[in-house]
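Here are the chains, one letter per residue:
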Amino acid sequence: MTGEIPTAPLTGGGTIPLLGLGTWQLTGAPCYDAVRTALELGYRHLDTATMYRNEAEVGRALRDSGVPRNEVFVTTKLLPGSADRPDATLDASLRALGLDAVDLWLVHWPPGGPGVDLWRRLVAARDDGRARHVGVSNYSLEQLDVLTEDAGVTPAVNQIRWAPSLYDAAVEDGHRERGVVLEGYSPFTSTDLGSPVLREIAGRHGVRPAQVVLRWHLEHGVVVIPKSADPGRLAENLDVTGFPVDADEVARIDRLAAA
Ligand SMILES: NC(=O)c1ccc[n+]([C@@H]2O[C@H](COP(=O)([O-])OP(=O)(O)OC[C@H]3O[C@@H](n4cnc5c(N)ncnc54)[C@H](OP(=O)(O)O)[C@@H]3O)[C@@H](O)[C@H]2O)c1
């Protein structure tokens, strides 16, 4: 049974659901259908980006779903190539999405260096209400520190590639110590779902290895945004809280990074 998805607190107030729908490589009708299905199933967090060219479909599916806007956490991202015109880019994203504000606006990846000037523009967009929270993606801990030191504002979130095979306690702790929510992307494409450890744990709980991978993120308090265009897998990926996972199982999955 699909239970309540936990949330993580964000600096400045509010929370982010620990599980959302990734939408990279979903465009047109398949994107609209996947987002509609996800919202019907109970997803309340959508991850898009200017680069994905699907903000209009994501926004239309959200509106048509009838789910109240304030119940869904919407993230979009700015291409570093638009670093010279971030405000126009955000306005274009908001128009495409049909929203007054996004919940989270991210720099998709560092624009060469950490991009302190660009980061100040994101903070200004937060302050004028067009983005409730601002953050970054694909940043190192050192680059996060440059933004904090030079602009005086720490990103609320850093979205990075994350999976059992990439587990790094120092990176996880580094985000926690800085008050930055770690959001993982590509949980499956970075994982061997046939791994004996994942299969054994999944078998014990009567679930699939993919569900164990998502649950492992939740146990660590890491946000995860799996993408699926398939209604069955969309349902499976949300159904990750109804089975017990103990600390020993989490530790065994952590150790897949060293395998
Ligand atoms: N910030 C960044 O630079 C960045 C980079 C990459 C991704 N992202 C974000 O992260 C999201 C997720 O990452 P991703 O799209 O790279 O890959 P992913 O979510 O790790 O994997 C998606 C693939 O796994 C399949 N899949 C989905 N559920 C499954 C399940 N239960 N069992 C087995 N296979 C399953 C999907 O196929 P079906 O669709 O056929 O189910 C698809 O082929 C993206 O959509 C995007 O929103 C961000």
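The structure we're discussing is the one just above.
Described in the following lines is the structure provided in the data block.

About the cut-offs
- Residues numbered from 1 in each chain as written.
- Predicted model: local features only at pLDDT ≥ 70, side-chain atom pairs only at ≥ 80, totals over all residues.
- Heavy atoms only, no water.
- Near = heavy atom within 4 Å.
- Polar contact = N/O pair within 3.5 Å; in protein donor to acceptor, adjacent residues only side chain to side chain.
- Areas by Shrake-Rupley, 256 points an atom, 1.4 Å probe, with all protein chains shown as cover.
- Helix = DSSP H or I, 4+ residues; strand = E, 2+ residues; numbered from the N terminus.
- Buried < 20%, exposed > 50% of the residue type's maximum accessible area, 1.4 Å probe, protein only.
- Contact = heavy atoms within 4.5 Å.
- Salt bridge = Lys/Arg side-chain N within 4 Å of Asp/Glu carboxyl O.
- 1 Å grid on protein atoms, 1.4 Å probe; cavity = no way out; pocket = protein on both sides within 12 Å on 5 of 7 lines; lining within 4 Å.
- Points joined across faces, edges and corners; volume = space filled by probe spheres on them.

Things to note about the site of the ligand
Close contacts around the ligand come from 26 residues, with D47, S186, F188, S228 and R233 the closest. A distance of 2.6 Å is found between an oxygen atom of the ligand and a side-chain nitrogen or oxygen belonging to S228. For the ligand, whose accessible area on its own is 900 Å², the fraction buried by protein is 83%. Examining the composition of the shell around the ligand, we find that three residues originate from one element, helix α9 (residues 231–238), more than from any other.

A word on α9
Restricting attention to buried positions, one finds in α9 the residues L234, E236, N237 and L238. Residues of α9 that are buried sit in contact with β3 (21–22), α1 (28–41) and α8 (209–219). For α9, the N-terminal cap is D230; the gap from its side-chain oxygen to the backbone nitrogen of G232 is 3.0 Å.

Observations concerning the pattern of salt bridges
For the structure shown, the criterion picks out 21 salt bridges. Salt-bridge contacts for R130 lead to D128; the nearest nitrogen and oxygen are separated by 3.1 Å. Here R130 falls in the buried class, since its relative accessible area comes to 14%. Taking the relative accessible area as the measure of exposure, D128 reaches 48% and is therefore partly exposed.

Side note on the layout of surface pockets
It is a probe the size of a water molecule, rolled over the atoms, that shows where empty space is left. If you add up the space inside the largest pocket, you get close to 570 Å³. Taken together, the elements giving at least two residues each to the lining of the largest pocket come down to β8 (157–161) and α9. For the lining of the largest pocket, the element with the most residues is α9, which contributes three residues. There is about 200 Å³ of room inside the second largest pocket.

Side note on unusual backbone geometry
Positioned with a positive phi, Q25 is a non-glycine residue whose angle comes to about 75 degrees. With respect to the helices and strands, the residue Q25 is situated in the loop between β3 and α1. Even without glycine at this site, S186 takes up a positive phi of about 55 degrees. Relative to the elements of secondary structure, S186 occurs in the loop between β9 (181–185) and α7 (196–205). On the accessibility criterion, S186 (17% relative accessible area) is buried.

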